[in-house]
Amino acid sequence: MRTPLIAGNWKMNGDQDMATALCHEITADAQTLSNVEVLLCPPFTLLLVVESALEGSRCQLGAQDMDINANGAFTGQISAAMLKDCGCKYVILGHSERRAIYGESDLLVAEKIKIAVAGGLTAILCVGESREERESGITEQVIERQIQVVIDIVGIQSFNNLVIAYEPVWAIGTGLTATPDQAQQVHNSIRQQLASLDASIADTCRILYGGSMKPDNARELLEKPDIDGGLIGGAALNAQDFLKICQATCPTA
Ligand code: 13P
């Protein structure tokens, strides 16, 4: 049984006042949710503020990226140990914005995953196809390649400490969403890729959907058998929207 995970990726948004207010509104209601793991991933500058606002709640803390190096002369970078020191349990890696805007390759993403897992963080590996790739009919090959590089570098066993997020690039921040059937098809092909190497890991590894998940489409996506949660961008900046998405994981809510 996979516990659903709803993760908010705040991207480059927020200040201390906004973070404190958002966390208080989320934690007040999150206490009443059962059987869903709630995760907030603010920018680096807000990790400690959010950590303190989440204290005593059932919400977890994560970061949006990290460096592959442990420490030293890497101006502007943040290491896995620094994230742990701030109370992070998770780190998002390979987000399409990092791949597209900052040129992160499949290989670099895989190296980061290796360091994150070795450093005791649970990595959220983001994968997804561009609009052109979907239109060319190569969606599943693209995703398979992105995941295979990680399997090659970190080994299938590391997927015990890893969450996968399928985020079609064309659906991120656009208001376009993969239909539940489109998303389920990709999620299922990811699970089959894992199952071809280790059936038990395939069964337990959570695969989140990301890309314009909102309160009004969350439930139909989350009802699909291979969709185990969401990685939420825009809607994570509004406490009530985020909470509604969390509630959508509960079949009776
Ligand atoms: P949106 O929910 O704003 O489309 O962003 C999705 C995303 O990129 C989460 O990482």
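This text follows the structure it describes.
The structure contained in this document is the topic of the report that follows.

Rules of the game
- Residues numbered from 1 in each chain as written.
- Predicted model: local features only at pLDDT ≥ 70, side-chain atom pairs only at ≥ 80, totals over all residues.
- Heavy atoms only, no water.
- Helix = DSSP H or I, 4+ residues; strand = E, 2+ residues; numbered from the N terminus.
- Rg over C-alpha atoms; globule rule 2.2 N^0.38 Å.
- Buried < 20%, exposed > 50% of the residue type's maximum accessible area, 1.4 Å probe, protein only.
- Contact = heavy atoms within 4.5 Å.
- Areas by Shrake-Rupley, 256 points an atom, 1.4 Å probe, with all protein chains shown as cover.
- Lys, Arg positive; Asp, Glu negative; His and termini not counted.
- Charge placed at Lys NZ, Arg CZ, Asp CG, Glu CD.
- Salt bridge = Lys/Arg side-chain N within 4 Å of Asp/Glu carboxyl O.
- Polar contact = N/O pair within 3.5 Å; in protein donor to acceptor, adjacent residues only side chain to side chain.
- Pairing = 2+ DSSP bridges.
- Axes fitted to C-alpha atoms, helices over the stretch in contact; angles between N-to-C directions.
- Core = buried A, V, L, I, M, F, W, Y, C linked by side-chain atoms within 4.5 Å.

1. Some words on the overall build of the protein chain
Right, so step 1: Within the protein chain, the secondary structure is distributed over 11 helices and 8 strands.
Right, so step 2: Expected size for 253 residues packed as a compact globule is a radius of gyration near 18 Å; at 17 Å, the protein chain falls within 12% of this value.
Right, so step 3: For the protein chain, the residues scored as buried account for 53% of the 253 residues in total.
Right, so step 4: Pairs at least 24 residues apart make up 72% of the contacts formed inside the protein chain by residues separated by at least 6 positions.
Right, so step 5: Surface summary for the protein chain: the accessible area is close to 11,100 Å², and the carbon and sulfur share equals 50%.
Right, so step 6: Both charge centroids of the protein chain, one from 18 positive and one from 31 negative side chains, sit 2 Å from each other.

2. Overview of the pattern of salt bridges
Right, so step 1: This structure, assessed with the given rule, holds 15 salt bridges.
Right, so step 2: For Arg98, the salt bridge identified is with Asp65, shortest N-O distance 3.1 Å. Taken together, the residues span a long stretch of sequence, with Arg98 in helix α4 (residues 96-102) and Asp65 in the loop between β3 (59-63) and α3 (80-85) at a distance of 33 residues.
Right, so step 3: On the basis of relative accessible area, Arg98 is assigned to the partly exposed category, the value being 24%.
Right, so step 4: Overall, the relative accessible area of 10% leaves Asp65 in the buried class.
Right, so step 5: Across the salt bridge formed by Asp181 and Lys224, the nearest N and O atoms sit 2.8 Å from each other. Of this pair, Asp181 sits in helix α8 (residues 180-195) while Lys224 is found in the loop between α10 (215-222) and β8 (229-232), placing the two residues 43 residues apart along the sequence.
Right, so step 6: Take Lys224: its relative accessible area is 22%, and that puts it in the partly exposed class.
Right, so step 7: A cluster of three or more residues bridged by salt bridges with shared partners is formed by Arg2, Arg191, Asp203, Asp226 and Asp228.

3. Focus: the environment of Gly128
Right, so step 1: Assignment of secondary structure puts Gly128 in the loop between β5 (122-127) and α6 (131-135).
Right, so step 2: For Gly128, a relative accessible area of 11% translates into the label buried.
Right, so step 3: Sequence-wise, Gly128 and Ser212 are 84 residues apart; in three dimensions their C-alpha atoms are separated by 14 Å.
Right, so step 4: In this structure Gly128 touches Val142, Ile143, Gln146, Tyr166, Glu167, Pro168 and Val169, once residues within four positions along its chain are discounted.

4. Let's talk about the environment of Gln64
Right, so step 1: One can find Gln64 in the loop between β3 and α3.
Right, so step 2: You can call Gln64 buried: its relative accessible area is 19%.
Right, so step 3: Remark: the alpha-carbon pair of Gln64 and Lys11, spanning 53 residues in sequence, is separated by 7.3 Å.
Right, so step 4: Here Gln64 is in contact with Asn9, Trp10, Lys11, Met12, Cys41, Pro42, Pro43 and Ile92, once residues within four sequence places are set aside.
Right, so step 5: There is a polar contact of 3.1 Å between the side chain of Gln64 and the backbone oxygen of Lys11.

5. Some details on the sheet that holds strand β4 (residues 90-93)
Right, so step 1: Here we have 8 strands rolled up into a closed barrel, ordered β1-β2-β3-β4-β5-β6-β7-β8, and parallel in their pairing. Averaged over all pairs of adjacent strands, the angle between their axes in this sheet comes to 25 degrees, without regard to strand direction.
Right, so step 2: As judged from the 4 bridges shared by strand β1 (residues 5-9) and β8, these two strands associate in the parallel manner. The residue bridging Gly8 from the neighbouring strand is Ile232, located in β8.
Right, so step 3: Taken strand by strand, helix α11 (residues 239-247) contacts β1, β2 (37-41) and β8, and its axis lies near 160 degrees from that of β1.

6. Side note on the side chain of Thr27
Right, so step 1: Take Thr27: it is sitting in helix α1 (residues 16-30).
Right, so step 2: Taking the relative accessible area as the measure of exposure, Thr27 reaches 11% and is therefore buried.
Right, so step 3: Discounting residues that sit within four places of it in the chain, Thr27 has contacts with Ala53, Leu54, Ser57 and Cys59.

7. Regarding the nonpolar core
Right, so step 1: Core analysis: the biggest nonpolar cluster contains 73 residues, and Ile113, Ile147, Phe159 and Ile164 have the highest contact counts within it.
Right, so step 2: The greatest single-element share of this core, amounting to 6 residues, is contributed by helix α7 (residues 139-154).
Right, so step 3: Non-local contacts of Ile164, meaning those with residues more than four positions away in its chain, are made with Leu125, Val127, Ile147, Phe159, Ile190, Leu194, Cys205, Arg206, Ile207 and Leu208.
Right, so step 4: Cys41, Ile124, Ala165 and Leu208 belong to the second largest nonpolar core, which has 12 residues in total.

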